[in-house]
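Structure at a glance
So the chains spell out like this:
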Amino acid sequence: MVINIPVSSLRAAIYKKFADLKGKKIGYVKATTADYFLIKMLAQEGLTLKDVNAVALTIPDGLSAFTRGDLDAWATYGYAIQQAQKDGAKVLKSAKNILSGNFTIVAAPSAIADFLCRIQKSQDWQASHIDAWSKNYAKAIGVDETFVLKEAKEGLKQRRSQVLPIYPQAIASQQDVPTHFIVQASSQRKLT
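These lines cover the structure that appears in this document, whether it is placed above or below.

The rules we used
- Along each chain, residue indices are assigned from 1 in the same order as the chain's sequence is written.
- The model is predicted, so local features are restricted to residues of pLDDT at least 70 and side-chain atom pairs to those at 80 or more, both for listing and for counting; the totals for chains, interfaces and linings are taken over all residues.
- Side-chain numbers here rest on the full set of heavy atoms in the structure, without hydrogens or water.
- Runs of E in the DSSP output that reach at least two residues are strands. Runs of H or I that reach at least four are helices, and both are numbered from the N terminus.
- The cut-offs for exposure are 20% and 50% of the maximum accessible area for each residue type, with area from a 1.4 Å probe on protein chains only; residues under the lower value are buried, those over the upper are exposed, and the others partly exposed.
- Contacts are assigned to residue pairs with any non-hydrogen atoms lying within 4.5 Å of each other.
- Only when DSSP finds a minimum of two bridges between them are two strands counted as paired.
- Two rings from Phe, Tyr or Trp (for Trp, the six-membered ring) form a pair when their centres sit within 6.5 Å of each other. Planes less than 30 degrees apart are called stacked, planes more than 60 degrees apart edge-to-face, and all others tilted.
- The term salt bridge refers to a pairing of a side-chain nitrogen on Lys or Arg with a carboxyl oxygen on Asp or Glu at a separation within 4 Å.

So, on to the overall build of the protein chain. Of regular secondary structure, the protein chain possesses 7 helices and 5 strands. Reading the protein chain from its N terminus to its C terminus gives the helix and strand order β-β-α-β-α-β-α-β-α-α-α-α. Taken over 192 residues, the protein chain has a buried fraction of 35%. When contacts within the protein chain are restricted to residue pairs at least 6 apart in sequence, those whose partners lie at least 24 apart make up 76%.

Quick look at the structure:
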């Protein structure tokens, strides 16, 4: 999955770097990796959500608001990025390499080897047949095939899927997500 911060074509000339969004309206999808990545990207610039006008929106509502020019920027993912770019947006910042990209898979001990082998074979087939996979997947979900193909290719460039044993850096990366949400929520709560 690719997560980016697009800036509308209307504001592309104004915002040259991510820090230029201080005090501006940024849409994001609450309680998702887009939310997490926005927090991390802001932190990389020495900013927090309090430094911007962060607006939680669903992907369809975010796309509409972004297209209308109601948002200065939008933390989103997937095909919404390509749609925004098709409409003239530029990507201001990418979340590439912020997370390990690891997702925990759990299965019964008696089935784990077979299950993991099937997962790996499926991922290998997708990677080696990316055009055919994208065409079929796009048709199944009703999304423009060029968006699906671009997303799939960017995903492969960023981090190819593979089955690996769990390792300390992956655990730390996964734990960082809920930790950031807990810290964010506690910083917004008023202490009395």
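The next subject is the pairing of strand β2 (residues 25-28). Direction of pairing for β2 relative to strand β3 (residues 53-56): parallel, over a ladder of 4 bridges. Along β3, the bridge assignment pairs Gly27 with Val55. Examined bridge by bridge, β2 and strand β4 (residues 73-77) share 3 bridges and lie parallel to one another. Residue pairing in the sheet places Gly27 in a bridge with Trp74 of β4.

Our focus in this paragraph is the packing of aromatic side chains. Scanning the model with the defined rule gives 3 aromatic pairs in all. A ring pair is formed by Phe66 and Trp74, whose centres lie 5.6 Å apart and whose planes are at 35°; its orientation type is tilted.

So, about the pattern of salt bridges. Two side chains with opposite charge may pair up if their charged atoms get near one another. In this structure the tally under the stated criterion is 6 salt bridges. One salt bridge in this structure joins Arg68 and Asp70, with 2.7 Å as the shortest N-O distance.

Among all positions in helix α3 (residues 79-86), only Ala80, Ile81, Gln82 and Ala84 are buried. Positioned one or two residues after α3, Gly88 has a phi angle of 105°, which is positive.

Geometric values such as these leave the question of function open.
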